[in-house]
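The lines below spell out each chain.
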Amino acid sequence: MKIELDQVYKRFGKQQVAIKNTNLLLEGPSITGLVGRNGAGKTTLLHMIAGFLKPSKGTLMVNGEMPFNNIATATNVSLIDDGMTFPEGLDLGTILSFGASMYPNWNEEIAEGLFAFFEFDPKAKHDALSKGKKSLFNAIFGLAARTPITLFDEPTTGMDEETRRDFYRALLKDYLDEPRIMLVSSHHIEELEDLLEAVILIENGSIFLHETIPDLEEYSFSFTGPAVEVDEATADSTVLSEEAVGPNLKRAVLKRDLRTIPEPMVDRGLKVGHVSATEVCRALTKSRKGVVDDVYGKRE
Ligand SMILES: Nc1ncnc2c1ncn2[C@@H]1O[C@H](COP(=O)(O)OP(=O)(O)OP(=O)(O)O)[C@@H](O)[C@H]1O
């Protein structure tokens, strides 16, 4: 089970470069989060791995084969998203039978168990499901397919909070039952953090970070204290984000690199804090173009 990208590009038309010069290696079982802002290139990347799109340049291999229009990919890789469609008018029970005939590793017990747990009606029509229920059904279908590579593109669209929690729990249990490559794109990294083993950050079509969660937790640290002291102490460091946390108090998140020596800052009475993987991801993918208030501020 392996996904390899070597200098992969995807262009749409002449102007739009959705993926640029991207290298990636995913080998063996893992649950990896794919995180990036709107338009960063997550869906394009997942669609190329699933064989729906052909790279414009570079080499993309899934289990040693090029996935585009490849029947082996179709049975070994599943992509779950809210655009999944099934032949019109099919009821859910029939769709599950179709899954059983299509995927060699299909797990009937899990399919039926999750179907019953989430109270689906086998006679209900897929195209008549609500947005959240459709996402949930698609996710059950994708888990039960038990393909060696399972890709989720924003799988929880429309799900309420409790359903999202149950779904993530099912995803983890399913992974522990049958470890495989799972790649999950999400804007809700905080909800996923406990399940993930690694995170891929993508911006403007390029993967700029691929780290395990423990490494991400070591990636940075924070300093909190009087704003002037924080500014002085962090002047020569890579500040990933900063925020006011009270009158004249500031918290800065810094990259933990060799040039950053915490001791002098501690000597200034600044409080050193832990930064979660979620916060690191947020800081690294945040927009550098100011805040939305600026739009309204300009009119004053
Ligand atoms: N079929 C297409 N034709 C032209 N441009 C496209 C097409 N599909 C995607 N793009 C462009 O490629 C870029 C990456 O889009 P993509 O959908 O992969 O981003 P994303 O990270 O999944 O975004 P979101 O979080 O909003 O779903 C965007 O600029 C998008 O407009």
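Residues numbered from 1 in each chain as written. Predicted model: local features only at pLDDT ≥ 70, side-chain atom pairs only at ≥ 80, totals over all residues. Heavy atoms only, no water.

Chemist: Would you take a moment to explain the site of the ligand for this structure?
Modeler: Around the ligand sit Phe12, Gln16, Ala18, Arg37, Asn38, Gly39, Ala40, Gly41, Lys42, Thr43, Thr44 and His187, and those are all the residues in its vicinity. In the environment of the ligand, an oxygen atom lies 2.7 Å from a nitrogen or oxygen atom belonging to the backbone of Gly39. Lys42 places a side-chain nitrogen or oxygen 2.8 Å from an oxygen atom of the ligand. Protein chains shield 59% of the accessible area of the ligand, which is 630 Å² for the free molecule. Of all the elements in the fold, those that place two or more residues in the shell around the ligand are strand 2 (16-27) and helix 1 (42-49). Considering each element in turn, the shell around the ligand owes the most residues, three residues, to helix 1. Class assignment of the residues belonging to the shell around the ligand gives a composition of three nonpolar, seven polar and two charged. (Near = heavy atom within 4 Å. Polar contact = N/O pair within 3.5 Å; in protein donor to acceptor, adjacent residues only side chain to side chain. Areas by Shrake-Rupley, 256 points an atom, 1.4 Å probe, with all protein chains shown as cover. Helix = DSSP H or I, 4+ residues; strand = E, 2+ residues; numbered from the N terminus. Nonpolar A, V, L, I, M, F, W, Y, C, P; charged D, E, K, R; others polar.)

Chemist: Got a minute to help me understand the domain arrangement of the protein in this structure?
Modeler: Frequently, the measure chosen for interface size is the accessible area removed from exposure when the parts meet. Domain boundaries assigned for the protein yield domain 1 (2-212) and domain 2 (216-297). Computed from C-alpha coordinates alone, the two centres of domain 1 and domain 2 are separated by 34 Å. Taken together, the contact pairs 12 residues of domain 1 with 13 residues of domain 2. Each partner contributes to the roughly 1,000 Å² buried at the junction of domain 1 and domain 2, and carbon and sulfur atoms together form 60% of this total. Where domain 1 meets domain 2, there are one salt bridge. Among the salt bridges present, the one from Arg282 reaches Glu190, with a minimum N-O distance of 3.0 Å. Inspection of the region where domain 1 meets domain 2 yields three residue pairs in polar contact (both at pLDDT 80 or more). Residue assignment for the side of domain 1 that touches domain 2 shows that the elements contributing at least two residues are helix 7 (189-192), strand 8 (198-203) and strand 9 (206-212). Of all the elements, strand 9 adds the most residues to the side of domain 1 that touches domain 2, at four residues. (Domains from an automatic or database assignment. Contact = heavy atoms within 4.5 Å. Buried area = accessible area lost by both parts, 1.4 Å probe. Salt bridge = Lys/Arg side-chain N within 4 Å of Asp/Glu carboxyl O.)

Chemist: What am I meant to see in unusual backbone geometry here?
Modeler: Apart from glycine, the bulk of residues carry a negative phi angle, and the bulk of peptide bonds sit in the trans form. A positive phi angle, near 60°, is found at Glu119, a position not held by glycine. Within the secondary structure, Glu119 sits in the loop between helix 4 (108-117) and helix 5 (131-145). For Glu154, which is not glycine, the phi dihedral falls at a positive 45°. Tracing the backbone shows Glu154 in the loop between strand 6 (149-153) and helix 6 (161-177).

Chemist: What is the right way to look at the pattern of salt bridges in this model?
Modeler: Pairs can form between side chains of opposite charge once their charged atoms are near each other. Using the criterion set out here, one finds 14 salt bridges in the structure. Here Asp231 ties to Lys250 by a salt bridge, and the two come within 2.7 Å at their closest N and O atoms. Of the two residues, Asp231 is situated in helix 9 (residues 227-233) and Lys250 in strand 12 (residues 249-255); the sequence distance between them amounts to 19 residues. The exposure class assigned to Asp231 is partly exposed, which follows from its relative accessible area of 37%. The residue Glu279 makes a salt bridge to Arg251 at a minimum N-O spacing of 2.6 Å. Highlighted residues: Glu279 in helix 11 (residues 277-285) and Arg251 in strand 12, separated in sequence by 28 residues. Residue classification places Arg251 among the buried positions, given a relative accessible area of 14%. (Buried < 20%, exposed > 50% of the residue type's maximum accessible area, 1.4 Å probe, protein only.)

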